[in-house]
Amino acid sequence: MSDQYPTDPQAGEPTQAYGQQPASAYRAAPATMSPQDERTWGAISHAGAVVAMICSAGFLGFLASIAVYVIYKDRGPFVRAHAANSINVQISMFIWLVVAAVLYVVLGVITLGIGFVVFLPVFLVPPVVAGILHVVGAVKAYNGEWWNPPLTPAFVK
């Protein structure tokens, strides 16, 4: 036996299978980021959500937020906080859209169809508010300021 594979003293056999990497090689802690990188990725989590919202008519804004959160959440507290805030804005926007849809249907039925035309612009309010919150969040993140968006519960921390 070679020194490459440690042996079990009782059995005299290697403790690892051939070609298997040591467990510690996969559990390395992620490298921390510089403050400038944290600010940049915090701003990207917000700005990416705005771009995705514009490109998908408001439906896929959460993808950029989730991607930054999953990839960089363990690299620094600042980028984690801003990516979580970005996800929280997207979740709040979704809840607002569901409530608006229920009210739209109820008011449309109660008003015998007139409400379907009159209340249609209500669906523009949540994406516009979310876009504004994301732009403010991107600017604050790029400037290195901690920020919690108003009207947004902390679903993700």
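Calculation notes
- Residues numbered from 1 in each chain as written.
- Predicted model: local features only at pLDDT ≥ 70, side-chain atom pairs only at ≥ 80, totals over all residues.
- Heavy atoms only, no water.
- Buried < 20%, exposed > 50% of the residue type's maximum accessible area, 1.4 Å probe, protein only.
- Helix = DSSP H or I, 4+ residues; strand = E, 2+ residues; numbered from the N terminus.
- Arc of directions from axis to C-beta.
- Contact = heavy atoms within 4.5 Å.
- Core = buried A, V, L, I, M, F, W, Y, C linked by side-chain atoms within 4.5 Å.
- Patch = residues over 30% accessible without salt bridge, like charges linked within 9 Å, V, L, I, M, F, W, Y side chains within 5 Å.
- Areas by Shrake-Rupley, 256 points an atom, 1.4 Å probe, with all protein chains shown as cover.
- Salt bridge = Lys/Arg side-chain N within 4 Å of Asp/Glu carboxyl O.

A. Fine view of helix α2 (residues 62-72). Buried residues of α2: Ala64, Ser65, Val68, Tyr69 and Tyr72, and no others. With its buried residues spanning 130 degrees around the axis, α2 presents them on a single face. For α2, the exposed residues lying more than 90 degrees away from the buried face are Val70 and Ile71. Of the surrounding elements, those touching the buried residues of α2 are α1 (35-55), α3 (77-110) and α5 (125-142).

B. Seen up close, the nonpolar core. Residues Met33, Val68, Tyr69, Tyr72, Val79, Ala83, Ala84 and Ile87 constitute the largest nonpolar core, which totals 8 residues. Only α2 and α3 provide two or more residues apiece to this core. Ranked by residue count, the leading element in this core is α3, at 4 residues. With near-sequence residues (within four places) excluded, Tyr72 lies in contact with Met33, Trp41 and Val79.

C. Quick peek at a nonpolar patch on the surface. Nonpolar side chains collect at one region of the surface, where Phe94, Ile95, Val98, Val99, Val102, Leu103, Val106, Leu107, Ile110 and Phe155 lie side by side and expose about 890 Å² of accessible area between them. With respect to the helices and strands, the residue Val102 is situated in helix α3. By relative accessible area, Val102 is classed as partly exposed at 49%.

D. Inspection of the environment of Lys73 at higher detail. Examined against the element boundaries, Lys73 turns out to sit in the loop between α2 and α3. Relative accessible area serves as the criterion here: at 30%, Lys73 is assigned to the partly exposed category. Along the sequence, Lys73 and Ala84 sit 11 residues apart, while their C-alpha atoms lie 8.6 Å from each other. For Lys73, the residues in contact, after removing those within four places along its chain, are Val68 and Arg80.

E. Representation of the pattern of salt bridges. In this structure the tally under the stated criterion is 2 salt bridges. Salt-bridge contacts for Arg80 lead to Asp74; the nearest nitrogen and oxygen are separated by 3.8 Å. Judged by its relative accessible area of 29%, Arg80 falls in the partly exposed class.

F. Representation of the side chain of His134 within the structure. In this fold, His134 is placed in helix α5. Judged by its relative accessible area of 0%, His134 falls in the buried class. When near neighbours in sequence (up to four residues on either side) are disregarded, His134 contacts His46, Ala49, Val50, Met53, Ser65, Ser86, Val89 and Gln90.

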